[in-house]
Amino acid sequence: GVPADVTVECSAIPAVPASSGAGAAITATDNCDTDVQISFVQTTTPNVDCPALTDIIRTWTATDDCGNTSSQSQLIHLIDTTDPILAGVPADVTVECSAIPAVPASSGAGAAITATDNCDTDVQISFVQTTTPNVDCPALTDIIRTWTATDDCGNTSSQSQLIHLIDTTDPILAGVPADITVECSA
């Protein structure tokens, strides 16, 4: 009844099958002992695909009344093929060039931009800001803000915000002299 080796997502680790009591999935028989004792040990081993994960080794050992033993193990190889999920990335906006919004925090307490993952509890978030030509006013450049979440196994997810800049405000003249009445010679 010892389960076969399996490869599963780190968020889908199978439950340990029962090895005692009525309906136990793992059993042992012996030629002399009618009540063979089964012990269970779970250990971990390095994961070759993702060093941030550890594979699980489950070992059951049957011991009869005379001290004879038999062991079988199950290897649970963990994988992480699921990208992290970003939350809180602002929607695209169109704003006056004098009203560019501040960059939301993506780290620390109260961060507006967060990331969750099925295996990693501390997903790293990187931020890059670039510009692109503005089609409405070539003197302006639009802003592209991109956040990328990367989990411990290298899976990534990115989301961007486009800040389209506009200028609908007329310039303000200053220092223009007041109207005056003067002699034509002055």
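Relevant structure appears above.
Thresholds applied
- Residues numbered from 1 in each chain as written.
- Predicted model: local features only at pLDDT ≥ 70, side-chain atom pairs only at ≥ 80, totals over all residues.
- Heavy atoms only, no water.
- Disulfide = S-S within 2.5 Å.
- Helix = DSSP H or I, 4+ residues; strand = E, 2+ residues; numbered from the N terminus.
- Buried < 20%, exposed > 50% of the residue type's maximum accessible area, 1.4 Å probe, protein only.
- Pairing = 2+ DSSP bridges.
- Axes fitted to C-alpha atoms, helices over the stretch in contact; angles between N-to-C directions.
- Lys, Arg positive; Asp, Glu negative; His and termini not counted.
- Salt bridge = Lys/Arg side-chain N within 4 Å of Asp/Glu carboxyl O.
- Contact = heavy atoms within 4.5 Å.
- Core = buried A, V, L, I, M, F, W, Y, C linked by side-chain atoms within 4.5 Å.

### With respect to the state of the cysteines
- This model, assessed by the stated rule, comprises 2 disulfides.
- The residue that forms a disulfide with C10 is C119, at a sulfur-sulfur distance of 1.1 Å. Here C10, found in the loop between β1 (6–9) and β2 (37–46), pairs with C119, found in the loop between β7 (114–116) and β8 (124–133); they are 109 residues apart in sequence, far enough to count as distant.
- What makes C10 buried here is its relative accessible area of 12%.
- Counting only the cysteines that take part in disulfides, in the order they occur along the protein, gives the pairing 1-3, 2-4.

### Concerning the pairing of strand β10 (residues 156–166)
- As judged from the 4 bridges shared by strand β6 (residues 93–96) and β10, these two strands associate in the parallel manner. Residue pairing for β10: V95 is matched across the bridge by L165.
- As paired strands, strand β9 (residues 141–150) and β10 are joined by 8 bridges and run antiparallel to one another. The partner of T150 across the bridge, within β10, is T156.
- Linking β9 back to β10 in an antiparallel pair, the connection comprises 5 residues, with G154 at a positive phi of about 90 degrees.

### Quick notes on the sheet that holds β9
- Strand order in the open sheet formed by 4 strands is β6-β10-β9-β8, and the pairing between neighbours is mixed. Both outer strands of the open sheet, β6 and β8, are each paired with one neighbouring strand and no more. For this sheet, the mean angle separating the axes of adjacent strands, direction not counted, is 25 degrees.
- Pairing of β8 with β9 involves 10 bridges; the strand directions are antiparallel. If you follow P133 over to β9, its bridge partner there is T141.

### Details of the side chain of D33
- Looking at the secondary structure, you find D33 in the loop between β1 and β2.
- Buried and without a salt bridge, D33 has R58 as its closest oppositely charged side chain, separated by 24 Å.
- Not counting residues up to four positions away in its chain, the partners in contact with D33 are T63, D64 and D65.

### Details of the sheet that holds strand β4 (residues 69–79)
- Reading across the sheet, the 4 strands line up as β1-β4-β3-β2 and stay open at both edges, with mixed pairing between neighbours. Only two strands of the sheet have a single neighbouring strand rather than two, namely β1 and β2. Neighbour to neighbour, the strand axes of the sheet diverge by 25 degrees on average, direction disregarded.

### Observations concerning the nonpolar core
- Membership of the largest hydrophobic core is limited to 8 residues, which are L86, V89, I113, A115, V123, I125, W147 and A149.
- Contact partners of A149, with chain neighbours within four places excluded, come to P84, L86, A115, V123, Q124, I125, N155, T156 and S157.

### Considering the pairing of strand β3 (residues 54–63)
- Two elements, β2 and β3, share 10 bridges in a ladder whose sense is antiparallel. From the neighbouring strand, Q37 faces β3, where its bridge partner is T63.
- Relative to β4, β3 runs antiparallel, the two sharing 8 bridges. Considered in β4, the bridge of T63 is made with T69.
- Connecting β3 to the antiparallel partner β4 that follows it, the hairpin turn spans 5 residues, and G67 within it adopts a positive phi of roughly 90 degrees.

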